[in-house]
Amino acid sequence: MRKLLYIIAAIAVCIFAADSARAAELRVPQQATAGAAITIGTGGSGEGTLIVTGPGTMIKKKVKLGGEVTIPGEELRHSGRFTAILEGDARSFYIAPAPPAKLNFLARPSRVPVSQPDVISGVAFIFDNFDNLILQSTPVRFDLSVNGGSALSKTVTSKDGIAWLKTNSASREGAAQFVASVGNANVRRVIQLVASEPCGLRMKANRQGNSLMVETDPVRDCSGNPVPDGTIVTFIQTGGGQGRSTVDARIKKGIARATLPAVPGATLSVASGVVLGNEIRMGGGL
Amino acid sequence: MKKKTFPLIMGALVVLLVAVSTLGAGRLRANTSTAEGAAQAFFAKVRAHDADGAYAMVSPSSNIDKGSFYRDLYGSDGNLKTFSNLQQAETRVLRETDAEADVRTNLQWSTAVGAFNEARDIKMVKESGGWHVFWPAPQQVNLPPQVIPVNYLRWDIIHPRSGDEWGSQNVEAPRVRIVSMNAVEKDGNIIIMGEVVNEDTVPGFVNVSATLVGQDGKDLREESSFDKTSHTLLPKEVSPFRIDFVNITLKQIKNVRMSPNALLVPASADPVVGVLHQRIEKDARGHSVLRGELVNESGQTVNIPHVLATYYDNSGKVIWVSDGYVDKALLPQVPVPFSVELRDDVAPNVQTYRVTVNNYTIDRS
């Protein structure tokens, strides 16, 4: 009889233990996405407090045990590793970022001379609609074009949320449109391609009374791009026994002009930055 | 008795003080019976801003009206003289007869940009029993009224707003480069000089600073070029710079660290100033000076021109940089002479030179 009582007591303890174990049972989702609702299953009976913590998130809910608890998507905007805790039981699960929806695009430099190798860089950071960095490899397309000219188009697969590209500057000046796109998201930056150093700088001179009007031919770089207006061109007059005269003229509509005193026998030269142009020696004709 | 003594003592004291002050004033007052004394008295009135008194000492034979005299002395058109005050006037008689005298005057003005020295030879004439200053009317070239079309460039900048997304683009600072640098020791001071070029296609506000590194590798001093450079550099513009470190020798330093700093700033491409007839000469004191004429080729008045001169030796190395302010405004198309001092020990080594002009215009920021 005593043996029977022991057996019954042992069975009761096992039933109680099994019931207690069912009360703490949590079923977390295997796959979850930021911004989407999730369902967490619970075991047992009665009421309990469910706590869900994760990056930037802390949710506390009174739940009825033995049912399922739904957490709406607007409460789960962050991706990362989360933990659900219910009545002493804890389970971890991972919320992945939503599909790519945003790009942060760093394009450097904002201004660059034409025909330079590896001077333009673009770095794209891929985010979902809730600003979660998407660490999964994602193809990002980079397009670079100038004034409808030939365009560079390249697709780069991101690594750890970042895709980057380094490329040459085109040979044609203008505002280059540098676009990074992923899915429906795209970001545009403008890189100003500017003329390089003047090339083949040439001037001519005309005498007007006691003055000499000097002007350059249209000032262009070696790729044929006009050097921007406002660039300094220095006209220098030496010799002729009247000292040295200089004028730092500005290019205007592609041409630099200046007025110098007409000094017979003087030599005229022209320079822009560190680039020298032609020389003119003033003889009887001028 | 006491009642009478006290007023007597006080009266005597008053008489004594009046006598002393009268005698003192007489001693301080310049002796206008001599040419030099009259010149001193004239400049004392100028210094005291007593324009009427100074004009009264001008010889009628000068044929200068009061307005022109005032403008010549105290400036006009917002030029440097309008921001100046005469501090000191040294006079020395070069030649004197009974009727006239030549007096060399070295005037020191305190101005908005520091001390400004002016050497002027004035002629004194004896008229009506006293010495008077012959002050000729300044020669002014009056241009015929005309319209000078000016359509030079101006650069403006749009900066990103504070609410813009992270990583949004900003316009970058202009690329500037030091193209030459030379460190010399003069009179117990270290002078760092050279040239900086704006290699970009946009204007920049450039400041060149230098740090002297001592023999132990520690920084000794840091200075910037201050006004010995052109701060606003247009695209491809080359400017000299000079940085002075006083009371230090080259032996004390191991090397020099240079840093050209550039900021993108709004700027205008005008005015254009031509520098004509530059030549190195000796001045009246026998010192080397670089002289020439400035011509404002634009239509806008340049109030305070600042001349910067770079001197090169036969290998093209920058061997000196000097500067000077011009006390006359640059009116459109009117040549204005300038003179910049050059060290006498440097002058024999100068092979060529380059002059650039900074300009300060009052009605433009």
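Every chain's residues receive numbers from 1 upward, in the order its sequence appears when written. Whichever chain is written first is A, and whichever ligand is written first is 1; the rest continue in order. Local features in a predicted model are, by the rule used here, given only for residues with pLDDT of at least 70; side-chain atom pairs are given and counted only at 80 or more, and totals for whole chains, interfaces and linings are based on all residues.

**Student:** Quick one: what's the story with the overall build of chain A, residue by residue and with numbers?
**Tutor:** Each helix and strand in chain A was counted, giving one helix and 23 strands. The quantity called the radius of gyration is restricted to C-alpha atoms. Its globule counterpart is 2.2 Å times the number of residues to the power 0.38. Against the compact-globule benchmark of 19 Å for 286 residues, chain A has a radius of gyration of 38 Å, which places it well outside the compact range. Projected onto its principal axes, the C-alpha positions of chain A cover 145 × 35 × 30 Å. The burial label depends on the number of other C-beta atoms within 10 Å of a residue's C-beta. Counts of 20 or more mean buried, 12 or fewer mean exposed, and intermediate counts mean partly exposed, with C-beta atoms placed from the backbone. Burial analysis of chain A (286 residues in total) assigns 34% to the buried set. Taking all contacts inside chain A whose residues are at least 6 apart in sequence as the whole, residues at least 24 apart take part in 56%. Counting from the N terminus, the helices are DSSP H or I runs at least four residues long and the strands are E runs at least two residues long. Remark: residues whose backbone-derived C-beta atoms lie within 7 Å of one another are considered to be in contact.

**Student:** Describe the overall build of chain B, listing the residues and the values that go with them.
**Tutor:** Check the secondary structure of chain B and you find four helices and 19 strands. Its C-alpha radius of gyration of 27 Å places chain B more than 25% over the 21 Å reference for a compact globule of 365 residues. Across its three principal axes, chain B shows a C-alpha extent of roughly 95 × 60 × 55 Å. When burial is assessed residue by residue, chain B has 30% of its 365 residues classed as buried. Pairs at least 24 apart in sequence give 64% of the contacts found in chain B among residues at least 6 apart.

**Student:** Break down the pairing of strand 4 (residues 130-134) of chain B for me, with residues and values.
**Tutor:** Residues and elements named next belong to chain B. Direction of pairing for strand 3 (residues 114-127) relative to strand 4: antiparallel, over a ladder of five bridges. Looking across to strand 4, one finds that M124 is bridged to V133. Pairing between strands is defined by DSSP: at least two bridges between the two strands are required. Where strand 3 folds back on strand 4, the antiparallel hairpin that results is connected by two residues, among which S128 adopts a positive phi of roughly 55°.

**Student:** Which residues make up the nonpolar core, and what values go with them?
**Tutor:** Buried Ala, Val, Leu, Ile, Met, Phe, Trp, Tyr and Cys residues form a nonpolar core when they are connected through C-beta atoms within 7 Å. The biggest cluster of nonpolar side chains holds 115 residues, and the ones touching the most others in it are A:F235, B:L294 and B:A309. Per-element tally for this core: the top contributor is helix 2 (residues 35-47) of chain B, with six residues. Beyond its immediate sequence surroundings of up to four residues, B:A309 is in contact with B:L290, B:V321, B:S322, B:D323, B:V340, B:Y353 and B:V355. Counting residues in each nonpolar core, the second largest holds 12 residues, with A:I38, A:I40, A:V52 and A:L86 among its members.

**Student:** Can you tell me about the confidence of the model for chain B, naming the residues and giving the values?
**Tutor:** Residue and element names in this part refer to chain B. When pLDDT is averaged along chain B, the result is 87, and 92% of the positions lie at 70 or above. As a per-residue measure, pLDDT reflects the predictor's confidence and takes values from 0 up to 100. pLDDT under 50 marks residues 22-29. Its contacts with residues more than four places away, or in other chains, come to zero contacts. For this predicted complex, the interface confidence comes out at an ipTM of 0.72, alongside a pTM of 0.75.

**Student:** Kindly report on the environment of B:I248, identifying the contributing residues and their values.
**Tutor:** Residue and element names in this part refer to chain B. Examined against the element boundaries, I248 turns out to sit in the loop between strand 11 (238-245) and strand 12 (253-264). Expressed as a C-alpha distance, the spacing of I248 and N189, which sit 59 residues apart in the sequence, is 5.3 Å. When near neighbours in sequence (up to four residues on either side) are disregarded, I248 contacts N189, I190, L212 and R221.

**Student:** Residues and numbers for the interface of chain A and chain B, please.
**Tutor:** Residue-level contacts link 30 residues of chain A with 31 residues of chain B. Contributions of two or more residues to the side of chain A that touches chain B are made by strand 9 (100-108), strand 16 (185-194), strand 20 (244-252) and strand 21 (255-261) of chain A. Considering each element in turn, the side of chain A that touches chain B owes the most residues, eight residues, to strand 20 of chain A. Residues are grouped as follows: Ala, Val, Leu, Ile, Met, Phe, Trp, Tyr, Cys and Pro are nonpolar; Asp, Glu, Lys and Arg are charged; every other residue, Gly included, is polar. Residues of the side of chain A that touches chain B, tallied by class, amount to 12 nonpolar, 11 polar and seven charged. In terms of strand pairing, strand 20 of chain A meets strand 14 (residues 273-282) of chain B through three bridges, oriented antiparallel. Considered in strand 14 of chain B, the bridge of A:V247 is made with B:G274.

**Student:** Please provide a residue-by-residue account of the pairing of strand 22 (residues 267-272) of chain A, values included.
**Tutor:** Residues and elements named next belong to chain A. Burial of the side chains of strand 22 is restricted to one face: L268, V270 and S272 are buried, whereas none of T267, S269 and A271 on the reverse face is. Taken together, the five bridges between strand 19 (residues 232-238) and strand 22 define a ladder with antiparallel strand orientation. The residue of strand 22 that forms the bridge with I236 is S269. With five bridges joining them, strand 22 and strand 23 (residues 275-281) adopt antiparallel strand pairing.

**Student:** Lay out the sheet that holds strand 4 of chain B with the relevant residues and their values.
**Tutor:** The strands that make up a sheet are held in pairs by hydrogen bonds between backbone atoms, and each pair lies either parallel or antiparallel. Residues and elements named next belong to chain B. An order of 1-2-3-4 is seen for the four strands of this open sheet, with the pairing classed as antiparallel. Since the sheet does not close on itself, it has two edges, and those belong to strand 1 (84-96) and strand 4, each with one partner. Neighbour to neighbour, the strand axes of the sheet diverge by 30° on average, direction disregarded. Running at roughly 170° to strand 1, helix 2 makes contact with strand 1, strand 2 (100-111), strand 3 and strand 4 of the sheet. For helices, the fitted axis covers only the stretch in contact; all axes are lines through C-alpha atoms, and the angles between them, taken along N-to-C directions, range from 0 to 180 degrees.

**Student:** Residues and numbers for helix 2 of chain B, please.
**Tutor:** All names here are of chain B. Between its terminal C-alpha atoms helix 2 stretches 18 Å, which fits the 18 Å expected from 13 residues at 1.5 Å a residue. Along helix 2, the residues classified as buried are A35, A38, A39, Q40, F42, F43 and V46. Looking at the buried residues of helix 2, the elements they touch are helix 3 (51-56), helix 4 (66-74), strand 1, strand 2, strand 3 and strand 4. Of the residues one or two after helix 2, H49 is the one with positive phi, at around 60°. A helix is expected to span 1.5 Å for every residue after the first.

**Student:** Break down the environment of A:V194 for me, citing the residues and quoting the values.
**Tutor:** Within the element layout of this structure, A:V194 appears in strand 16. Those residues in contact with A:V194, other than ones at most four positions away along the chain, are A:R111, A:P113, A:E173, A:P228 and B:T201.

**Student:** Tell me about the sheet that holds strand 6 (residues 176-186) of chain B, and name the residues and values.
**Tutor:** All names here are of chain B. With antiparallel pairing, the three strands of this open sheet are ordered in space as 6-7-11. At either margin of the open sheet sits one strand with a lone partner, and together these are strand 6 and strand 11. Between one strand axis and the next, the sheet turns through 20° on average, direction left out of account. Taken together, the eight bridges between strand 7 (residues 189-198) and strand 11 define a ladder with antiparallel strand orientation.

**Student:** Let's hear about unusual backbone geometry: which residues, and what values?
**Tutor:** A:R108 connects to A:P109 through a cis peptide bond whose omega is -10°. Its identity as a non-glycine residue notwithstanding, A:D131 has a phi of 65°, on the positive side. Along the chain, A:D131 falls in the loop between strand 11 (120-128) and strand 12 (139-146). For B:H49, which is not glycine, the phi torsion reads 60° and is therefore positive. Residue position: B:H49 is located in the loop between helix 2 and helix 3. Owing to 13 C-beta atoms within 10 Å, B:H49 belongs among the partly exposed residues under this scheme.

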